[in-house]
Amino acid sequence: MGMEVLSSRAIIGIYYELLEQAIGSWVDSLSFYSPSDQSSEDYKWLGMSPQMREWIGGRNAKGLRDDGITIKNKPFESTLEVGIDDLRRDKTGQLQIRIGEQVDRAKSHWMKLLSTLLLNAPSTVCYDGQYFFDTDHSEGDSGTQDNDITVDISALAVSQHGSITVPSVEEMNRCIMKAIQQLYTFKDDQGEPINELARNFLVMLPVPLWNIAVAAVKNQTFSSGETNTLPNFNNIKIDIAPNPRLTWTDSFAVFRTDGRTKPFIRQEEVPVEVSAVAEGSELEFYHRKHHYGLYASGNVGYGMWQHGCYLTML
């Protein structure tokens, strides 16, 4: 008796079962999820809500700002071609492996889109008309603010020095702290501190800096014997996220992750859906093949630059 060939209905069921499985990543930490029901969405980043003030002369209603961005949805697809004979001969689950890989690629698609945003952030404008990472952001009463900073690591008071591509653990520690401190200095359009409640941060960096950054925020002491304050500093939580898509060599970014808004926007019009050209189709009749396709519609965009700081080591 021949082996039963999986039906397209069964294969589609495998797709959806795999799509429902959660995957841990930094996407949720750095992007604000926004459902969409049209070709594009307008986002009004309208400054911060008003600070409490003494009631003098009645209420003082704060109006909305006109800054904003528009994100247009884009269609995305991935199609797997499977031969009828391959389906019949599949005794080792190779088809399911390929389906799993295709689903993994679909799940990592947000990471790809957001990583492209991140790489382009020093040269692409966000809602205030400045580059997302820039040296001269300004809104209302905020004053000029810089979230694209540099640090001369050779001038740092540390016991051991490295290079800009392989900094010492102490140098990385000081640089991460410098970026966090910079985030705490940012003010909103009313001149009020915007990150004073921040306690959770994420360091996004290229893979070669991964081990150094982990040691910089986790080790209790440095090689010199000096105590590292970051592991137990004022209930601050710092996560490290290596990103193999980054081409940076001497830089990294630090983001606040516990704000009500996020550095990036993740807009979804159509979640990943599965379709097939299979049994009874002309493709099967003429070519003895099936197609299994994934489709999604959405896009990403820049959100709150105030929740991110890009640091380059000199």
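Numbers given for residues are sequential positions, taken from 1 along each chain in its written order. Note on the predicted model: pLDDT of at least 70 is required for a residue's local features to be given, and 80 or more for side-chain atom pairs to be given and counted; whole-chain, interface and lining totals, by contrast, use all residues. Side-chain figures throughout are based on the complete set of non-hydrogen atoms in the structure, without hydrogens or water.

Asker: Honestly, a nonpolar patch on the surface in this entry has me stumped. Any pointers?
Answerer: Like-charged residues within 9 Å of one another, or nonpolar side chains (Val, Leu, Ile, Met, Phe, Trp, Tyr) within 5 Å, are grouped into patches, provided each residue has over 30% relative accessible area and no salt bridge. Surface accessibility in these figures is a Shrake-Rupley result with a 1.4 Å probe; residues are shielded only by whichever protein chains are displayed. Salt bridge criterion: a side-chain nitrogen from Lys or Arg within 4 Å of a carboxyl oxygen from Asp or Glu. Among the surface-exposed residues, Val207, Trp210 and Val214 lie close enough to one another that they form a single nonpolar patch of about 240 Å² accessible area. Only runs of H or I of at least four residues qualify as helices and only runs of E of at least two qualify as strands under DSSP, and these elements are numbered from the N terminus. Mapping Val214 onto the fold places it in helix 7 (residues 210–218). Between buried and exposed lies partly exposed: a residue is buried under 20% and exposed over 50% of the maximum accessible area for its type, with that area taken using a 1.4 Å probe on protein chains only. On the accessibility criterion, Val214 (30% relative accessible area) is partly exposed.

Asker: Help me understand the packing of helix 1 (residues 8–19) against helix 4 (residues 94–107), please; the structure alone is not making it clear to me.
Answerer: When two helices pack together, you describe them by how their axes are tilted relative to each other and by the distance separating the axes. Across the interface, helix 1 lies against helix 4 with an axial gap of 10 Å and an inter-helix angle of 45 degrees. As the angle between them shows, helix 1 and helix 4 are arranged oblique. Considering the relative orientation of helix 1 and helix 4, their crossing is right-handed. Contacts between helix 1 and helix 4 involve Ile11, Ile14, Tyr15, Leu18 and Leu19 from the former and Leu95, Gln96, Ile99, Gly100, Gln102, Val103 and Lys107 from the latter. Under the grouping applied here, Gly and all other residues not named as nonpolar or charged are polar, the nonpolar ones being Ala, Val, Leu, Ile, Met, Phe, Trp, Tyr, Cys and Pro and the charged ones Asp, Glu, Lys and Arg. A breakdown of the residues in the contact of helix 1 with helix 4 according to their chemical character gives eight nonpolar, three polar and one charged. Only the stretch in contact is used when a helix axis is fitted, and all axes are lines through C-alpha atoms; the angle between N-to-C directions ranges over 0 to 180 degrees. Oblique is the label for every angle not falling under 35 degrees (roughly parallel), over 145 degrees (roughly antiparallel), or within 65 to 115 degrees (roughly perpendicular). Crossings are assigned a handedness: left-handed for a near helix turned anticlockwise from the far helix by less than a right angle, right-handed for a clockwise turn. In this description, contact between two residues means that some pair of their heavy atoms is separated by no more than 4.5 Å.

Asker: Got a minute to help me understand unusual backbone geometry in this structure?
Answerer: Trans is the prevailing form of peptide bonds, just as negative phi is the prevailing case for residues other than glycine. Phi angles above zero are rare outside glycine, and Arg288 is one such case at about 55 degrees. In this fold, Arg288 is placed in the loop between helix 8 (282–287) and strand 10 (289–302). Taking relative accessible area as the criterion, Arg288 reaches 44% and is therefore assigned partly exposed.

Asker: Please clarify how the environment of Asp189 should be interpreted in this entry.
Answerer: Tracing the sequence through the fold places Asp189 in the loop between helix 6 (169–185) and strand 6 (200–205). Residue classification places Asp189 among the buried positions, given a relative accessible area of 7%. Placed 48 residues apart in sequence, Asp189 and Asp141 show a C-alpha to C-alpha distance of 5.0 Å.

Asker: In this structure, what is going on with the nonpolar core? I would like to understand it.
Answerer: Across soluble globular proteins, nonpolar side chains have a tendency to be buried as a group. Formed by 60 residues in total, the largest nonpolar core has its most connected members in Phe132, Ile176, Met204, Phe252, Phe255 and Phe264. Per-element accounting of this core gives the leading share, seven residues, to helix 6. Filtering out sequence-adjacent residues up to four positions away, Met204 remains in contact with Trp26, Leu30, Leu118, Ala241, Asn243, Leu246, Trp248, Phe252, Ala253 and Phe255. We define a nonpolar core as any set of buried Ala, Val, Leu, Ile, Met, Phe, Trp, Tyr and Cys residues linked to one another through side-chain atoms lying within 4.5 Å. Grouped together as the second largest cluster of nonpolar side chains are 15 residues, Ile14, Leu87, Val103 and Tyr292 included.

Asker: Explain the packing of helix 6 against helix 7 here, please?
Answerer: In contact at an axis separation of 8 Å, helix 6 and helix 7 are set at 70 degrees when each is read in the N-to-C sense. The angle between helix 6 and helix 7 falls in the class roughly perpendicular. Contact residues: Val169, Met172, Asn173 and Ile176 in helix 6; Ile212, Ala213, Ala215, Ala216 and Val217 in helix 7. Looking at the contact of helix 6 with helix 7, its residues break down into eight nonpolar, one polar and no charged.

Asker: Would you mind showing me how to read the packing of aromatic side chains here?
Answerer: Both the distance between ring centres and the angle between the ring planes are used here to describe each pair of aromatic rings. Only Phe, Tyr and Trp rings are paired, with Trp represented by its six-membered ring, and only when their centres lie within 6.5 Å; those with planes under 30 degrees apart are stacked, over 60 edge-to-face, the remainder tilted. The final tally for this structure, using the stated rule, is 12 aromatic pairs. Look at Phe132 and Tyr302: their rings are 5.1 Å apart centre to centre, the planes differ by 25 degrees, and that puts the pair in the stacked class. Taken together, the positions of Phe132 in the loop between helix 5 (109–120) and strand 5 (148–151) and Tyr302 in strand 10 put the pair 170 residues apart, joining distant regions of the chain. Among the residues examined, Phe132 registers a relative accessible area of 0% and is labelled buried. Take Tyr302: its relative accessible area is 6%, and that puts it in the buried class.

Asker: I would appreciate a short explanation of the side chain of Gln267 in the present structure.
Answerer: Relative to the helices and strands, Gln267 resides in strand 9 (residues 264–277). The class for Gln267 is buried, based on a relative accessible area of 0%. Gln267 has contacts with Ser34, Ser36, Glu41, Tyr43, Ile71, Lys72, Asn73, Trp110, Gly298 and Asn299, leaving out every residue within four places of it along the chain.

Asker: Would you explain the sheet that holds strand 5 in this entry?
Answerer: By way of backbone hydrogen bonds, the strands of a sheet pair with one another, either parallel or antiparallel. Strand order in the open sheet formed by five strands is 5-11-8-6-7, and the pairing between neighbours is mixed. The two strands at the open ends of the sheet, each matched to only one other strand, are strand 5 and strand 7 (237–242). On average, each strand axis in the sheet is inclined to that of its neighbour by 25 degrees, with strand direction left out of account. As paired elements, strand 8 (residues 251–256) and strand 11 (residues 308–313) share five bridges and run antiparallel to each other. Across the sheet, residue Ser251 finds its bridge partner in strand 11, namely Thr312. Two strands pair under a simple rule: DSSP has to find at least two bridges between them.

Asker: What should I look at first to understand the pairing of strand 7 in this one?
Answerer: Regular strands place their side chains on alternate faces of the sheet. Here strand 6 pairs with strand 7 via six bridges, running parallel. Looking at the pairing, Leu205 lines up with Pro242 of strand 7. Consider the strands pointing away from the viewer: the crossover is right-handed when the path from the first strand over the helix to the second runs clockwise. Taken together, strand 6, helix 7 and strand 7 form a β-α-β motif whose crossover is right-handed.

Asker: Which parts of the structure should I look at to understand the pattern of salt bridges?
Answerer: Close approach of charged atoms lets side chains of opposite charge pair. The full count for this structure, using the stated rule, is seven salt bridges. Across the pair Arg174 and Glu226 runs a salt bridge whose closest N-O atoms are separated by 3.4 Å. Of this pair, Arg174 sits in helix 6 while Glu226 sits in the loop between helix 7 and strand 7; the two residues are 52 residues apart in sequence, bridging distant segments of the chain. Beyond isolated ion pairs, a larger network of salt bridges with shared partners links Asp85, Arg88 and Arg288.

Scope: geometric values only; no functional claims are made or implied.
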